[in-house]
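# Coordinate analysis (summary)
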Amino acid sequence: MTAAGDGPWLDAAAGRLVRPFTVSDGRTRPSVALDLMSQVMATGVTPLGYLGPEHAQALDLCRAPVSVAELAAQLRLPAVVTKVLLSDLLDSGALTTKPPAYHHTPTDRSLLEAVLDGLRRQL
């Protein structure tokens, strides 16, 4: 088991000892709309008020641009909980966000055919 200040509280047999909803104070909706592919990055502004350990860990991981999905994986938290934490940091000015740049529409036939060809080559 790790010490309280060493990141997420984990136990080899039980898993995470702190339930995800306690990390977000029971909130299930972020105050800012975030896509899983949105990029977030620290601004260098120190947030006012109390930051929980997960907030501090998220802020530390955002020194370089990172997607919300990647951050959730690194924090070992559900995406919705990660979005709530990130929205707290965005509201305080500690993070900035950039929406994902989609170069193709999801129904772009040439893109779908390229994906299908790649999958066929893997099989």
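Residues numbered from 1 in each chain as written. Predicted model: local features only at pLDDT ≥ 70, side-chain atom pairs only at ≥ 80, totals over all residues. Heavy atoms only, no water.

If you check an unreviewed UniProt entry, the protein appears there as DUF742 domain-containing protein from Streptomyces dangxiongensis.

## Considering unusual backbone geometry
When glycine is set aside, most residues are seen to have a negative phi, and most peptide bonds are trans. In this model, Arg 76 sits at a positive phi of 60°, which is unusual for a non-glycine residue. Position of Arg 76 among the secondary structure elements: in the loop between helix H3 (68-75) and helix H4 (79-91). The exposed category is assigned to Arg 76, whose relative accessible area is 56%. (Helix = DSSP H or I, 4+ residues; strand = E, 2+ residues; numbered from the N terminus. Buried < 20%, exposed > 50% of the residue type's maximum accessible area, 1.4 Å probe, protein only.)

## Thoughts on the nonpolar core
Ranked by internal contacts, the top residues of the largest apolar core, which has 17 residues, are Val 40, Cys 62, Leu 71, Leu 86, Leu 89 and Leu 95. At the level of secondary structure, the elements contributing two or more residues to this core comprise helix H2 (53-61), H3 and H4. Excluding residues that lie within four positions of it along the chain, Val 40 makes contacts with Cys 62, Ala 64, Pro 65, Val 66, Val 68, Leu 71, Leu 86, Leu 95, Thr 96 and Thr 97. (Core = buried A, V, L, I, M, F, W, Y, C linked by side-chain atoms within 4.5 Å. Contact = heavy atoms within 4.5 Å.)

## So, the pattern of salt bridges
Following the criterion strictly, the structure yields 3 salt bridges and no others. A salt bridge links Arg 63 to Asp 60, with the shortest nitrogen-to-oxygen separation between them at 3.3 Å. Its relative accessible area of 61% is what places Arg 63 among the exposed residues. On the basis of relative accessible area, Asp 60 is assigned to the partly exposed category, the value being 43%. Arg 109 is the salt-bridge partner of Glu 113, the closest N and O atoms lying 2.9 Å from each other. A residue pair is termed a helical-turn pair when its members lie 3 or 4 positions apart in one helix, as Glu 113 and Arg 109 do in helix H5 (residues 109-122) at 4 residues. Residue classification places Arg 109 among the exposed residues on the basis of a relative accessible area of 63%. (Salt bridge = Lys/Arg side-chain N within 4 Å of Asp/Glu carboxyl O.)

## Observations concerning H4
Residue pairs three or four apart in sequence face the same way in an α-helix, which turns once every 3.6 residues. If you check H4, its first and last C-alpha atoms are 18 Å apart, about what 13 residues at 1.5 Å a residue would give, namely 18 Å. Within the span of H4, buried status applies to Val 81, Thr 82, Lys 83, Val 84, Leu 85, Leu 86, Ser 87, Leu 89 and Leu 90. Phi for Gly 93, located one or two positions after H4, is positive at around 85°. (Expected span 1.5 Å × (residues − 1).)

## Considering the packing of H3 against H4
Running from amino to carboxyl end, H3 crosses H4 at an angle of 105°, the nearest separation of the two axes being 9 Å. In terms of their interaxial angle, H3 and H4 are classed as roughly perpendicular. Contacts between H3 and H4 involve Val 68, Leu 71, Ala 72 and Leu 75 from the first element and Ala 79, Thr 82, Lys 83 and Leu 86 from the second. In the contact of H3 with H4, the residues fall into 6 nonpolar, 1 polar and 1 charged. (Axes fitted to C-alpha atoms, helices over the stretch in contact; angles between N-to-C directions. Parallel < 35°, antiparallel > 145°, perpendicular 65-115°, else oblique. Nonpolar A, V, L, I, M, F, W, Y, C, P; charged D, E, K, R; others polar.)

## Description of the sheet that holds strand S5 (residues 95-98)
Taken together, 3 strands build an open sheet; the order of strands is S4-S3-S5 and the sheet is antiparallel. The open sheet has two free edges, formed respectively by strand S4 (66-67) and S5, since each of these has just one partner strand. Sheet topology note: the strand S3 (residues 39-42)/S4 ladder contains 2 bridges and is antiparallel. Bridge pairing links Gln 39 to Ser 67 in S4. Across the sheet, H4 is in contact with S3 and S5; its angle to S5 comes to roughly 110°. (Pairing = 2+ DSSP bridges.)

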